[in-house]
Amino acid sequence: MMRSGRYRRSRRSRGRSKSQGSRRPARRYGRSGAGWRSRWLVLALATLVVAALLWLFFDPAALQEEGRYAVVGQPSVSADFIDRVLDAYDSPAAGKGQALYADGLTYHIDPVYALAFFLEESRFGTAGVARVTRSLGNIRALPGQASYAGYRRYISWEEGFADWYRLIADEYVARGLITVDQIVPVYAPAADNNDVAAYVRTIKLAVDTWRAGRLLV
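Nothing here was measured: the structure is a model prediction, and the numbers come from that model.

Undergrad: Looking at this structure, how should I read helix H8 (residues 180-187)?
TA: Every α-helix carries 3.6 residues per turn, so stepping three or four residues along brings you back to the same face. When H8 is considered as a whole, its buried residues turn out to be Val180, Ile183, Val184 and Tyr187. Across the axial projection of H8, the buried residues extend over an arc of 95°, all falling on one side. In this fold, the buried residues of H8 make contact with helix H5 (111-122), helix H7 (157-172) and helix H9 (196-211).

Here it is as C-alpha cells:
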C-alpha cells in the first residue's frame, strides 16, 4: 500500500510539474505570437500604403500606354510601305526603304520608329541641315567626325540610317531606355530648346498612323 501511495504521489507530482511547465511556455509563445501578428499587420498596412502611392503617381493605364511604344521588336511596317511614305513626302531618301527596313532587322528595332524620328527631325530630309548631312536623326558630331554645322555628315542616306540605329541600340536600348517616353527626353532634351512633349506626341502619332496603313501624318 505504501508503495502504491508513493506511486500516486509521484504521478500527481509529475502532473503538477507538467502543468506548470506547459503553462509557462504557453504564455511565452502567446506573447511571441501576438508580436508576430502585430508585425505582419504593420507590414500589410505599409504594403497597402505603398501600393496606393504607386497608383497615384504611376497611372497603370499610362504605363500600359507607354509600353505600347517600345522601339525594340520586329518591323510593324514593310519596306514597300516605307518607300511609299518617303515618296508621299517627296523625300530625297525615296527608294531607300529596303535599307531602312534591313537596318531595323539588324539592330532589332522596329523601323517604324526610325521613320518617325526622320519625320520629326527633318521631314524626311527636306528641311534643315539634313538636306546637307543626309542624317536621319540630326546627330551631333564628335571630334574627328565629318560634320556640317555641328552635326554628323554622311556620304549616303544608307550610312546615316545605320548610324542612327547604332546610336539607339548602343546608347539607349543597351541602357534600358526602350520606349519613346524614355528616349526622347535624352535624345532631344528640353535644355536644347526642344519641346519634349510635342516631340513625343509626333512620334506616337506617326507610328499609329503608319501602323493603321495611312501614309500622311
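Here the narrative resumes, following the displayed structure.
Undergrad: Please explain the pattern of salt bridges as it appears in this structure.
TA: Under the defined criterion, the tally for this structure stands at seven salt bridges. Between Arg211 and Asp110 there is a salt bridge; the shortest N-O distance is 3.1 Å. With Arg211 in helix H9 and Asp110 in the loop between helix H4 (97-107) and H5, this pair connects stretches of sequence that are 101 residues apart. A relative accessible area of 2% places Asp110 in the buried class. With its nearest N and O atoms 2.9 Å apart, the salt bridge here joins Asp163 to Arg166. Remark: Arg166 and Asp163 occur in helix H7; sequence separation between them is three residues, near one turn of the helix. Overlapping salt bridges bring together Arg152, Asp163 and Arg166 as one network.

Undergrad: Which parts of the structure should I look at to understand the side chain of Asp103?
TA: In this fold, Asp103 is placed in helix H4. Here Asp103 is buried and forms no salt bridge, its nearest opposite-charge partner Arg166 lying at an N-O distance of 7.6 Å. Among residues more than four places away in sequence, those in contact with Asp103 are Glu158, Phe161, Ala162 and Tyr165.

Undergrad: Got a minute to help me understand the nonpolar core in this structure?
TA: Soluble globular proteins: nonpolar side chains tend toward being buried together. Counting 43 residues, the largest nonpolar core has Phe117, Phe124, Trp164, Tyr187 and Trp210 as its most contacted members. Breaking this core down by element, the ones donating at least two residues are helix H3 (79-88), H5, H7, H8 and H9.

Reading the values: rules and limits
Residues numbered from 1 in each chain as written. Predicted model: local features only at pLDDT ≥ 70, side-chain atom pairs only at ≥ 80, totals over all residues. Heavy atoms only, no water. Buried < 20%, exposed > 50% of the residue type's maximum accessible area, 1.4 Å probe, protein only. Helix = DSSP H or I, 4+ residues; strand = E, 2+ residues; numbered from the N terminus. Arc of directions from axis to C-beta. Contact = heavy atoms within 4.5 Å. Salt bridge = Lys/Arg side-chain N within 4 Å of Asp/Glu carboxyl O. Lys, Arg positive; Asp, Glu negative; His and termini not counted. Core = buried A, V, L, I, M, F, W, Y, C linked by side-chain atoms within 4.5 Å.

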